[in-house]
Number of protein chains: 2
Amino acid sequence: MFEQLGLIGCGLMGGSFALALRRRGLVRRIVGYSPRRQSLERALAMGAIDIAASSPFDATSGADLVLIAVPVSATAATFAAIRDTLTPRTLLMDVGSTKCDVVDAALQTLGEHLESFVPAHPIAGKECAGIEHADAELYAGRQVILTPLEQGRTDLLQAAETLWTALGSTVVRTTPQEHDAAFAAVSHLPHLVAFAAMNAILGQTHAAEYLALAGPGFRDFTRIAASDPAVWRDILLANRANVLQQCEHLHSQLQAFTTAMRAGDAPALDSLLHRASTARARWTMTSS
Amino acid sequence: MFEQLGLIGCGLMGGSFALALRRRGLVRRIVGYSPRRQSLERALAMGAIDIAASSPFDATSGADLVLIAVPVSATAATFAAIRDTLTPRTLLMDVGSTKCDVVDAALQTLGEHLESFVPAHPIAGKECAGIEHADAELYAGRQVILTPLEQGRTDLLQAAETLWTALGSTVVRTTPQEHDAAFAAVSHLPHLVAFAAMNAILGQTHAAEYLALAGPGFRDFTRIAASDPAVWRDILLANRANVLQQCEHLHSQLQAFTTAMRAGDAPALDSLLHRASTARARWTMTSS
């Protein structure tokens, strides 16, 4: 049981975390901050937060649990703004989709409070951003990746694991480097491609007719293209070396297909398709 | 009410069509043929068909409704095999995802029976192939594209529309050329990319670890990569000119993203992401 959650960022991720803690009775008081007045009011109205703070500093003052749920490029400034409110009993986490940049920001700004920080990335989300889509069960049955720092306190890491587990998540530990390499492949590149695929259609004369004919395959393939642009701008920039490398991998595989298609090479296509189809049919999402 | 459905191909699409007709009491008897003995037995056991025929010819003899539900490359041979069973009261349809090649096959093989043929493409499916996944409601709430021939009979076209409407589908008419151009963009390219994205990961040393971390975004983006390889080999070859053109469109858009990422150009990324996200958030699948 935490006394006070200081929540910075009252969007989908932060709002869902607040609702999840509240539903499970894991926190006594939630003080939220958002630069967007509307999000803050909505969070209050929904009961995601008890108090709307007028600054990050105010939201985290007195908090024994702090969650930073902002686009990753805002992490460093947020750390700097709240650093002096951290105490030895504060557990500080983020929910960023990239970890190397968040850890760098922590190293540069947190100083003696580095020990409080447990970098976290819950593998959950929705294509629709904003507190209005917040969901107390968003993290249930999902993995949460923690990339603990050498300088981090073991008791706080343990508290973080206990907390996410209580929300129904499965906790996985890895390094920021391994995290960012893996998520470039299984999340960042798919998002990039979904965005690009939408734009590729929008640029064509018959875009509207084409989109009117699209079915369930298109719906699912492009679902993530509706994701929050500000969040994804930051992710694509923060993890660009890995994402660009994944682009190369995809490019090679697309070329294998187009070469086979141009040559009318049915056996080659068969082989490429079987490999993908078999692997995808066998794959199931890890969940708790 | 039809007397007899002659069903060629007892897989997901054909089986679902049979079950849908039966549930709605639109057919008295269903005679099915599949080259795979197992599919035929399963179709019988599930009640999708009443009689297992030993040849396409036997399945369609005496039928007033014929559905060809085979990979598109098998269409011409199937037409040739059943042609002599067609009568002036037979409505002949297919469910192929490409239409120019199916129409060509019809022109080359059906002769005087061309008038019976109404090319059809229901925008429905599942990533899992086979009669065991057949579903009487697969076509409900989905669009069905008809690309009628000049030589086709108006009364049969009307009968086709009435039939699909009775299954809960919304009927759209277009030309084979427009159909194939549109579906290259909204279906064939997405499938190709999903297949290639799976293979791109499988080729990497850490594929298994990466796949174990993947979440709901990856699940939906790659769902169609589990689709039937034989069906997709045929589609990618039959519609390759359009699909290759769509690859070029996607390639240009991916380059716009990678250029912005390499340059660290946040405003350019913002603009690309907003365009895609706004359009995808506004899009909804057309349904009945």
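Residues numbered from 1 in each chain as written. Chains lettered and ligands numbered in written order. Predicted model: local features only at pLDDT ≥ 70, side-chain atom pairs only at ≥ 80, totals over all residues. Heavy atoms only, no water.

In the nomenclature of an unreviewed UniProt entry, chain A corresponds to Prephenate dehydrogenase from the organism Candidatus Symbiobacter mobilis CR.

K.L.:
Would you mind showing me how to read the pairing of strand 5 (residues 91-94) of chain A here?
P.N.:
Looking along a regular strand, one sees side chains alternate from face to face of the sheet. All names here are of chain A. With burial as the criterion, each face of strand 5 is covered, one bearing Leu 91 and Met 93 and the other bearing Leu 92 and Asp 94. For strand 4 (residues 65-68) and strand 5, the ladder comprises four bridges, and the chain directions are parallel. Counterpart to Leu 67 in the pairing with strand 5 is Met 93. At this point the chain moves from strand 4, through helix 4 (residues 75-82), to the parallel strand 5, and the crossover so formed is right-handed. (Buried < 20%, exposed > 50% of the residue type's maximum accessible area, 1.4 Å probe, protein only. Helix = DSSP H or I, 4+ residues; strand = E, 2+ residues; numbered from the N terminus. Pairing = 2+ DSSP bridges. Right-handed = clockwise from strand over helix to strand, strands pointing away.)

K.L.:
For this particular structure, what's the right way to read the sheet that holds strand 4 (residues 65-68) of chain B?
P.N.:
Remark on secondary structure: sheet strands pair via backbone hydrogen bonds, oriented parallel or antiparallel. Residue and element names in this part refer to chain B. Read from one edge to the other, the open sheet built from six strands follows the order 3-2-1-4-5-6, with strand pairing classed as parallel. Each having just a single partner strand, strand 3 (51-52) and strand 6 (117-118) make up the two edges of the open sheet. For strand 1 (residues 2-8) and strand 2 (residues 27-33), the ladder comprises six bridges, and the chain directions are parallel. What sits directly across from Gln 4, in strand 2, is Arg 29. Set on the sheet, helix 6 (residues 154-166) makes contact with strand 1, strand 4, strand 5 (91-94) and strand 6; between it and strand 5 the angle comes to about 60°. (Contact = heavy atoms within 4.5 Å. Axes fitted to C-alpha atoms, helices over the stretch in contact; angles between N-to-C directions.)

K.L.:
Even after reading the chapter, I still don't get the relation of the copies chain B and chain A, so can you show me in this structure?
P.N.:
Both copies of the chain are related through a single rotation about an axis accompanied by a shift along the same axis. Take chain B, turn it by 180°, move it 0.0 Å along the axis, and it overlays chain A with an RMSD of 0.0 Å. These values place the two chain copies in the arrangement generated by a two-fold rotation axis. The C-alpha atom lying nearest the rotation axis in chain B is that of Phe 221 of chain B; the distance is 2.0 Å. In this assembly, 100% of the residues forming the interface of chain B have copies in chain A that are likewise at the interface, indicating an isologous arrangement. (Least-squares fit on C-alpha atoms with pLDDT ≥ 70 in both.)

K.L.:
Would you explain the sheet that holds strand 9 (residues 170-173) of chain A in this entry?
P.N.:
All names here are of chain A. Spatial strand order, 7-8-9: three strands in an open sheet with mixed pairing. Each edge of the open sheet carries a strand with a single partner, namely strand 7 (120-122) and strand 9. Sheet twist, expressed as the mean angle between neighbouring strand axes with direction ignored, is 25°. Of the pairings in the sheet, the one linking strand 7 to strand 8 (residues 143-146) comprises three bridges and is antiparallel in character.

K.L.:
Got a minute to help me understand the pattern of salt bridges in this structure?
P.N.:
When the charged atoms of two side chains lie near each other, side chains of opposite charge can form a pair. Residue and element names in this part refer to chain A. Scanning the model with the defined rule gives 28 salt bridges over all chains in all. Two residues, Glu 3 and Arg 28, come together in a salt bridge whose shortest N-O distance is 3.0 Å. Separated by 25 residues along the polypeptide, Glu 3 in strand 1 (residues 2-8) and Arg 28 in strand 2 (residues 27-33) bring together distant segments of the chain. A salt bridge links Arg 233 to Asp 234; the nearest nitrogen and oxygen atoms lie 3.1 Å apart. In this pair, the class of Arg 233 matches that of Asp 234, namely buried. Via salt bridges that share partners, Arg 23, Arg 24 and Glu 137 belong to a single interconnected network. (Salt bridge = Lys/Arg side-chain N within 4 Å of Asp/Glu carboxyl O.)

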